[in-house]
Amino acid sequence: MRALVFEHHGDPVESLLLTEMPLPDTPAGTVRLRLQARPVNPSDVMFVKGDYGRPAPFTRVGGSTVSPIGFEGAGVVDQAGPGVRLEPGARVAVAVTGTWQEYVTAPEDAVIPVPDDLPLDIACQFTVNPFTAHLLLADLAVEPGDAILLTASTSSVSRMIIRLARDRGVRCVCLARDTEQASRLRDLGAEHVVSADGGDDAVVHRARDAAGTGGVAAALDAVGGRQGALALRCLRDGGRHIVYGSMSGHPLPLPSFDLIFRGVSVEGFWLPQHMERMSPPALRELTSTIARQLTDHTLEAPVEAHYDLSRIHDALAHHLRPGRLGKIVLTG
């Protein structure tokens with residue numbers, strides 16, 4: 001089978017290579033999947049660079065030591081191991097390490113059945129962004145009428161948060177990196193948009209005005225750097241700043257004054273840790289909810305382009321292109 005792997009951490013464009021690997025076995029309790037779609041996520045790029053919180057599982061294959069890549073995908077069951085209820089041909093989404101290859105073996109409990117009317121290029125986005133959006137909002141426990149501020153406002157996660165927050169009566173203030181992105185957000189239907197163009201004091205003033213009299217109760221930050229610092233300054237006293245990404249590659253400055261005298265708190269969010277803390281019934285209920293929301297388009301998971309595994313360099317270049325409004329999906 002074809003598989004994308006890397007021999008060392010570094011720039012994915014330079015580190016990733018397409019190679020042939022043996023088909024994986026199917027021990028008891030596992031299924032082998034024939035994957036047909038996998039999204040390119042920021043976490044995938046971080047993983048190759050060595051900046052992700054999960055170590056790369058380098059193993060000896062032939063004459064090289066390599067690590068697989070990719071955390072989610074979708075396809076069909078190819079072979080079921082002993083004790084597995086899923087049958088060959090079943091359409092599924094999966095969350096395991098190593099989905100940027102044609103076949104992968106996964107524990108049955110890591111596999112999610114996919115409705116027939118949910119396209120696989122949408123289903124392959126099932127296990128990261130929708131869960132992140134739901135659990136971030138649940139963790140905030142904001143009330144109707146509260147305002148939250150979002151960086152990375154055009155990302156899939158942010159657009160899902162905006163949709164879910166609207167149903168709860170929570171206002172979202174979108175911090176755009178510039179006036180061009182602000183215009184794009186308004187075209188997408190965002191109600192409260194603030195451009196980060198201009199002086200920092202002016203940006204903070206505009207964001208606080210957009211939040212209304214109650215101020216910004218919480219910031220959800222996937223960027224860090226200047227945008228993260230602006231989001232932190234926008235918080236009302238006692239507000240919460242949740243960091244769930246670092247797309248800028250720059251650290252979040254933490255002014256001691258805000259922490260000491262304004263009672264602002266800064267916390268991290270990593271999806272695997274939150275899902276591990278969920279009870280099995282709660283996880284099943286949320287999984288069912290997300291399947292319904294993706295199928296009926298309550299949550300949108302747009303796809304901007306498809307690339308075969310062999311075109312990984314083109315796919316990465318497109319993924320990193322400013323202004324992208326949908327996922328890049330690897331096929332084959």
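From a predicted model like this one, the values you see are computed outputs, not experimental measurements. (Residues numbered from 1 in each chain as written. Predicted model: local features only at pLDDT ≥ 70, side-chain atom pairs only at ≥ 80, totals over all residues. Heavy atoms only, no water.)

Draft legend 1. Examining the overall build of the protein chain more closely. Looking only at helices and strands, one finds 12 helices and 17 strands in the protein chain. For the protein chain, the spread of C-alpha atoms along the three principal axes comes to 60 × 40 × 35 Å. Across the 332 residues in the protein chain, those meeting the buried criterion constitute 51%. Of all intrachain contacts in the protein chain linking residues separated by at least 6 positions in sequence, the fraction that spans at least 24 positions is 66%. Placing the 31 positive and 39 negative side-chain charges of the protein chain at their respective mean positions leaves the two points 2 Å apart. (Helix = DSSP H or I, 4+ residues; strand = E, 2+ residues; numbered from the N terminus. Buried < 20%, exposed > 50% of the residue type's maximum accessible area, 1.4 Å probe, protein only. Contact = heavy atoms within 4.5 Å. Lys, Arg positive; Asp, Glu negative; His and termini not counted. Charge placed at Lys NZ, Arg CZ, Asp CG, Glu CD.)

Draft legend 2. Representation of the sheet that holds strand 14 (residues 235-243) in the model. Read from one edge to the other, the open sheet built from six strands follows the order 12-11-10-13-14-15, with strand pairing classed as parallel. Each of the sheet's edge strands pairs with one partner strand only, and the pair in question is strand 12 (192-195) and strand 15 (265-268). For this sheet, the mean angle separating the axes of adjacent strands, direction not counted, is 20°. Together, strand 10 (147-150), strand 13 (216-221), strand 14 and strand 15 form the strand contacts of helix 4 (residues 129-140), whose direction differs from that of strand 14 by roughly 150°. (Pairing = 2+ DSSP bridges. Axes fitted to C-alpha atoms, helices over the stretch in contact; angles between N-to-C directions.)

Draft legend 3. Geometry of helix 7 (residues 200-211). Between its first and last C-alpha, helix 7 extends 17 Å over 12 residues, near the 16 Å set by a 1.5 Å rise per residue. Of all the positions in helix 7, only Val-203, Val-204, Ala-207, Ala-210 and Ala-211 are classed as buried. Projection of helix 7 onto a plane perpendicular to its axis shows the buried side chains occupying an angular sector of 125°, all on one side. More than 90 degrees from the buried face of helix 7, the exposed residues found are Asp-201 and Asp-209. (Expected span 1.5 Å × (residues − 1). Arc of directions from axis to C-beta.)

Draft legend 4. Molecular detail of the pattern of salt bridges. A full pass over the atoms with the stated rule returns 16 salt bridges. Between Glu-102 and Arg-2 there is a salt bridge, and its shortest N-O distance comes to 3.0 Å. Pair noted here: Glu-102 is in the loop between strand 7 (91-94) and strand 8 (103-107) and Arg-2 is in strand 1 (residues 2-6), with a separation of 100 residues, a long-range link. Each member of the pair, Glu-102 together with Arg-2, is buried. The partner of Asp-78 in a salt bridge is Arg-32, and the shortest N-O contact between them spans 2.8 Å. Note that Asp-78 is positioned in strand 6 (residues 73-80) and Arg-32 in strand 3 (residues 30-39), a separation of 46 residues in sequence. For Asp-78, a relative accessible area of 31% gives the class partly exposed. (Salt bridge = Lys/Arg side-chain N within 4 Å of Asp/Glu carboxyl O.)

Draft legend 5. Spatial organisation of the state of the cysteines. Across all of its chains, the model carries zero disulfides by this definition. This cysteine, Cys-234, is not joined by any disulfide, and Cys-174 carries the nearest cysteine sulfur, 13 Å off. Here Cys-234 falls in the buried class, since its relative accessible area comes to 1%. (Disulfide = S-S within 2.5 Å.)

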